[in-house]
Every structure is written in C-alpha cells, then in structure tokens.
Amino acid sequence: MNTLRIALTALLLLATANVQAAEKVRLLLDWFINPNHAAIFAAQHSGAFKKEGLDVEMIAPADSASVPLLLAAGKVDLAISYQPQLYTLVDKEVPVIRVGTLINQPLNTLTTVSGDIHSLKDFAGKTIGYAVPGTEDVAIRNMLKSQGVDADSVKLINLNMDGTSALLTHKIDGAMTIFRNYELLDLKDKGAKPTVFKPEDYGVPAYDELIIVANQKTAAQDRRIPAFLSGLDAGVAWLRAHPQEAWQAFIKQYPELNTPLNHEAWQATLPYFAAHSAEFDQARYQAFGEYMKANGVIKVVAPMARYSL
C-alpha cells in the first residue's frame, strides 16, 4: 500500500510539474478570429504549443487599432500585425519589433466586377474605394502609375462600407479591400465575375500580409518567442496534413464561423501560411521600406535590425 501511495504521489508531483512548466503566452490577434488564424489554432489543437512548453491564449481585440499600443504597454506578450504597419510604428518610435511571419505574401487585391474594365488603364475616370489610408490608397496610386495611368484621373474614396457590397451595388468601380482568400471567394459565390489585379504585379513590392510582433525592449531575451515560432511551424505542417480534421475542430470551438464561405476561406488560406515563421528576408523588407519612404508614408528607413530580430 505504501509503495502504491508513493507511486501515485510521484505521478501527481510529475503532473503538477508539467502543468507549472507550461508558460503562458498572451497573443493578441489583429481582428476577430477567422481562417487567417488557422495555423495558430492548429498549433493549439495539435498540441504543438504544449510540446514547446507553452500555453497560448488567443485574444481578439476590442479595437484593432489599439493592438500595437497594448503590446508596447506590456498588456500582452505577442500580437499579430501587418508588415506595412510595422514601418509606420517604427517611424513613430512605438517599441514593437517583428519576430516572425504568419502569412508571407500579400492577400489584398484591386478588384472590379465591371464588365468594361479589363486592365488598370481602364480605371481612368473611374472610382476606386479603399479602407486603409496611407497603405491601400498609396498602393492604388503606384499600381496605376506602373501602367502609365494618371492617378489624379481616378477618384479615390475611403470606404465606410465593405468593398464587396460597394462593388456589387456599383457604388464604386474597383476596390482595394478584396482579399484573395475571402472577399474574392464571396464575390464569386454571389455570381460576380471579378477581374483581379495583384499589387505585387503592378509596382508594389511584395510584403508579408500578417506578421508576429513583440515588445522591442524585451523580445531578444524572451525565451518563449523561439518556442512559439517552433510550435507555430509544427502547427502549419499539421494543418496542411489534416485540413479537414482541423476545420472540424475549429468550428466545434467557434460554431458561429461554420459557414460555407469560411470553409472555402479555410481551404484557400492554407497555401499562404509561412512554413518557416522565423525566416527574415532582409532584402525584401528593405525594398518595402524604401517604397514606403518614397511615397512619403515614413520619414526614414530604419536599420533592418530595428524591424526584425
């Protein structure tokens, strides 16, 4: 009996030690949870984060604009952001830094459903909507310029409604808010025949759509960060190997997202996740920084070590 009691006590102590060993990581998302976060969910569900000794909590922000400020203030440990936003944050001396990449290519597009627009040149005299000033309007101007179109001949409007509805009701001729893994699918599902122009094909340097950022002051010493990235990479591999199992687990936890469109988006997003989240393409980040400076979005391009670990 004493031997059994000792054995049970040892197992209990071991279990307690394992629980204590799991370090908490508070991850603030860029928006409410959606298929763009599938890789993070997969790392949770598959046990990849747990294997790295982490207990990762995904937190949806009440206000997406406050995400980098909450991170800088130490309210969370990591956050999801965007590469273009990173330059403006650094320019404003907000102490955040990229530590990894979630989606390593652009998702946004300039899209039209108008039957008389077949090239960017056809936008002359037309109206294009956008949602993010300082990023999407700048991209539109550069795309038009790459095809010899006078940007001043196009009316740019900051949308106060979603781009899909604005296009389908013909309030605008084109929209720079149509993401290739979601709104584009929605347009097609609704019977539209969209014509798509990818920014990276027309004068806008390629960039990472979603990145993982940390507090610049503590990131280099935070041992949880490499563990998080290792777990995320394992999550991406598991997700691609088990996309339907992951989807079923996802909608079980978030039943409000169980829609045909979200299922389509889930499948469409799989190729976009970075397989090696810690990799940093310095030349590509430098090129995008120069683009931001040339367009007056930032004052100077900081040394690359300021943007990423």
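Conventions we followed
Residues numbered from 1 in each chain as written. Predicted model: local features only at pLDDT ≥ 70, side-chain atom pairs only at ≥ 80, totals over all residues. Heavy atoms only, no water. Helix = DSSP H or I, 4+ residues; strand = E, 2+ residues; numbered from the N terminus. Buried < 20%, exposed > 50% of the residue type's maximum accessible area, 1.4 Å probe, protein only. Contact = heavy atoms within 4.5 Å. Areas by Shrake-Rupley, 256 points an atom, 1.4 Å probe, with all protein chains shown as cover. Lys, Arg positive; Asp, Glu negative; His and termini not counted. Charge placed at Lys NZ, Arg CZ, Asp CG, Glu CD. Pairing = 2+ DSSP bridges. Expected span 1.5 Å × (residues − 1). UniProt positions renumbered as here; feature names shortened; annotations may be inferred. Phe/Tyr/Trp six-rings, centres within 6.5 Å; stacked < 30°, edge-to-face > 60°. Axes fitted to C-alpha atoms, helices over the stretch in contact; angles between N-to-C directions.

Where an unreviewed UniProt entry is consulted, the protein appears under the name ABC transporter substrate-binding protein, with the organism given as Pantoea trifolii.

**Student:** Could you clarify how one ought to interpret the overall build of the protein in this entry?
**Tutor:** In terms of helices and strands, the protein carries 13 helices and 10 strands. Taken along its principal axes, the extent of the C-alpha atoms in the protein is 90 × 45 × 30 Å. Looking at the protein residue by residue over its 309 residues, the buried ones come to 48%. Sequence-distant contacts, at least 24 apart, represent 78% of the contacts inside the protein between residues at least 6 apart. By element, 54% of the accessible surface of the protein is carried by carbon and sulfur atoms, the whole surface being about 14,900 Å². Within the protein, the 32 negative side-chain charges are centred at a point lying 3 Å from the centre of the 28 positive side-chain charges.

**Student:** I would appreciate a short explanation of the pairing of strand β8 (residues 174-179) in the present structure.
**Tutor:** On a regular strand, one side chain projects to one face of the sheet and the next to the other, so that they alternate. Burial analysis of β8 places 5 of its 6 residues in the buried class, the great majority of the element. Bridging between strand β6 (residues 127-130) and β8 involves 2 bridges; their strand directions are parallel. Bridged to Gly129 within β8 is Ala175.

**Student:** Quick question: what am I supposed to make of helix α9 (residues 224-241) here?
**Tutor:** With 18 residues, α9 extends 26 Å between its outermost C-alpha atoms, agreeing within 8% with the 26 Å of an ideal straight helix rising 1.5 Å per residue. Within α9, burial applies to Arg224, Ile225, Ala227, Phe228, Leu229, Gly231, Leu232, Gly235, Val236, Trp238 and Leu239.

**Student:** Explain the UniProt feature "domain: SsuA/THI5-like" (unreviewed entry) in the protein to me, please; I cannot follow it from the model alone.
**Tutor:** In the numbering used here, UniProt assigns the feature "domain: SsuA/THI5-like" (unreviewed entry) to residues 34-246. Here residues 34-246 is 34% helix and 22% strand, with 13 Å between the C-alpha atoms at its ends.

**Student:** Teacher, can you tell me more about the packing of aromatic side chains here?
**Tutor:** The description of two aromatic rings rests on the distance between their centres and on the angle between their planes. In total, this model carries 16 aromatic pairs according to the counting rule given. Seen in terms of ring centroids, Phe49 and Phe228 are 4.9 Å apart; in terms of plane orientation they differ by 20°. Their pairing is stacked. In this pair, Phe49 sits in helix α3 (residues 48-51) while Phe228 sits in helix α9, placing the two residues 179 residues apart along the sequence. Note on accessibility: Phe49 and Phe228 belong to one class, buried.

**Student:** Got a minute to help me understand the sheet that holds strand β10 (residues 210-215) in this structure?
**Tutor:** By way of backbone hydrogen bonds, the strands of a sheet pair with one another, either parallel or antiparallel. Pairing within the open sheet is mixed, and its 5 strands lie in the order β2-β1-β3-β10-β4. The open sheet terminates on both sides in strands that have one partner only, identified here as β2 (54-59) and β4 (96-103). Each adjacent strand pair in this sheet contributes to an overall mean axis angle of 30°, direction not counted. Where strand β1 (residues 23-28) meets β2, 6 bridges bridge the pair, whose relative direction is parallel. Bridge pairing in β2 links Leu28 to Ile59. Against the sheet, helix α2 (residues 38-45) touches β1, β2, β3 (78-81) and β4, its axis set at about 145° to β2.

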